[in-house]
Amino acid sequence: TADCAPIILYAPHIPAIAAIHAGWRGITREVIEHATYHLTTTYMCTPHTIYAYIGPCARSCCYDVDQSTAKALYNACNADNIYTLNGTTRIDLYMCAYTKLRTIGIPRSHIWSIPQCTICNTTFCSYRRNQTKFRQMTYALLW
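Below is a short write-up of the structure. The residue count restarts for each chain, going from 1 along the sequence in the order it is written. Totals for whole chains, interfaces and linings use every residue, but because this is a predicted model, local features are given only for residues with pLDDT of at least 70 and side-chain atom pairs only at 80 or more, for both listing and counting. Side-chain metrics rest on all non-hydrogen atoms present in the structure, leaving aside hydrogens and water.

### Some remarks on the pairing of strand 3 (residues 51–54)
For a regular strand, side chains alternate in direction, first toward one face of the sheet and then toward the other.
(1) Moving on: Burial classes follow relative accessibility: with a 1.4 Å probe on protein chains only, a residue under 20% of its type's maximum area counts as buried, one over 50% as exposed, and anything between as partly exposed. Only runs of H or I of at least four residues qualify as helices and only runs of E of at least two qualify as strands under DSSP, and these elements are numbered from the N terminus. Judged by which residues are buried, strand 3 turns out to be one-sided: Ala-52 and Ile-54 face inward and are buried, whereas Tyr-51 and Tyr-53, on the alternate face, are not.
(2) Moving on: A pair of strands is treated as paired once DSSP finds two or more bridges between them. Here strand 1 (residues 5–11) pairs with strand 3 via four bridges, running antiparallel. From the neighbouring strand, Leu-9 faces strand 3, where its bridge partner is Ala-52.

### With respect to the nonpolar core
(1) Moving on: Put simply, a nonpolar core is a bunch of buried Ala, Val, Leu, Ile, Met, Phe, Trp, Tyr and Cys residues held in one set by side-chain atoms that sit within 4.5 Å of each other. Counting 36 residues, the largest nonpolar core has Ile-7, Leu-9, Ile-54 and Leu-101 as the members making the most contacts within it.
(2) Moving on: Secondary-structure elements contributing two or more residues to this core are strand 1, strand 2 (16–22), helix 1 (24–28), helix 2 (31–43), strand 3, helix 3 (67–76) and helix 4 (93–104).
(3) Moving on: Of the residues forming this core, the biggest block, six residues, is contributed by helix 4.

### Let's talk about the sheet that holds strand 4 (residues 64–65)
(1) Moving on: A sheet is described by the order of its strands in space; here three strands give the open sequence 4-6-5, paired in antiparallel fashion. The sheet is open, and its two edges are formed by strand 4 and strand 5 (82–85), each paired on a single side.
(2) Moving on: Where strand 4 and strand 6 (residues 88–91) come together, two bridges link them in antiparallel fashion. When the sheet's bridge partners are listed, Asp-64 is paired in strand 6 with Arg-90.

### Quick look at helix 2
Structural remark: α-helix, 3.6 residues per turn; residues separated by three or four positions point the same way.
(1) Moving on: To estimate the expected span of a helix, count its residues, drop one, and scale the result by 1.5 Å. Between its terminal C-alpha atoms helix 2 stretches 18 Å, which fits the 18 Å expected from 13 residues at 1.5 Å a residue.
(2) Moving on: Of the positions making up helix 2, those classed as buried are Ile-32, Ala-35, Thr-36, Leu-39 and Thr-40. Projection of helix 2 onto a plane perpendicular to its axis shows the buried side chains occupying an angular sector of 125°, all on one side. Along helix 2, the residues that are exposed and aim more than 90 degrees away from the buried face are Tyr-37 and His-38.
(3) Moving on: Check the buried side of helix 2 and you find it contacts strand 1, strand 2, helix 1 and helix 4. What the arc covers is the set of directions going from the helix axis to the C-beta atoms. Every residue pair with non-hydrogen atoms within 4.5 Å of one another is taken to be in contact.

### Some words on the pairing of strand 5
(1) Moving on: As paired elements, strand 5 and strand 6 share four bridges and run antiparallel to each other. Looking at the pairing, Thr-84 lines up with Thr-89 of strand 6.
(2) Moving on: Taken together, strand 5 and the strand that follows it, strand 6, pair antiparallel across an intervening segment of two residues, in which Asn-86 is found at a positive phi of about 55°.

### Considering the environment of Thr-69
(1) Moving on: The topology assignment puts Thr-69 in helix 3.
(2) Moving on: When the C-alpha positions of Thr-69 and Ile-91 are compared, they lie 9.2 Å apart, and in sequence the two are 22 residues distant.

### Here's the deal with the sheet that holds strand 2
(1) Moving on: Here four strands make up an open sheet; going across it, the order is 2-1-3-7 and the pairing mixed. Two strands lie at the open edges of the sheet, namely strand 2 and strand 7 (111–113), each paired on one side alone. Within the sheet, the average angular offset between the axes of one strand and its neighbour, ignoring direction, is 20°.
(2) Moving on: Only the stretch in contact is used when a helix axis is fitted, and all axes are lines through C-alpha atoms; the angle between N-to-C directions ranges over 0 to 180 degrees. Where helix 2 meets the sheet, its contacts fall on strand 1 and strand 2, and the angle it forms with strand 2 comes to roughly 165°.
(3) Moving on: Against the sheet, helix 4 contacts strand 1, strand 2, strand 3 and strand 7, and its axis sits at roughly 170° relative to strand 3.

Remember that the coordinates give geometry; whether it matters functionally is a separate question.
Here you go:
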């Protein structure tokens with residue numbers, strides 16, 4: 001990922017893992033809900049037994065979007081994750097993903113994260129910041 005939210009879902013008692021690449025389009029197309037549904041129906045677990053990790057992604061400090069993107073996210077996500085700052089509309093992919101995970105039923109204590117902005121934190125790759133083809137790699141491993 002570069003500015004999209006990498007999300008790992010983990011059902012430890014099965015064990016099963018799902019890796020999700022959630023940008024604004026994925027969030028509006030319910031990629032988090034679909035992955036969770038697949039995990040729960042395939043492996044017969046429930047959302048409250050799943051753990052989630054959200055990696056660094058575009059945050060509201062830097063992620064400017066046009067009005068059509070903002071409207072799509074407003075309909076798909078909590079309006080609290082859309083901001084107007086200095087005349088621009090900004091979204092927080094991390095908070096959109098977090099809100100989706102909580103709405104699905106994953107407990108707050110089961111959500112881990114690195115709430116860093118990939119755009120302003122130069123430690124991370126960002127397509128929005130410098131148009132690079134470099135990306136972060138997020139992976140999970142079952143032992």
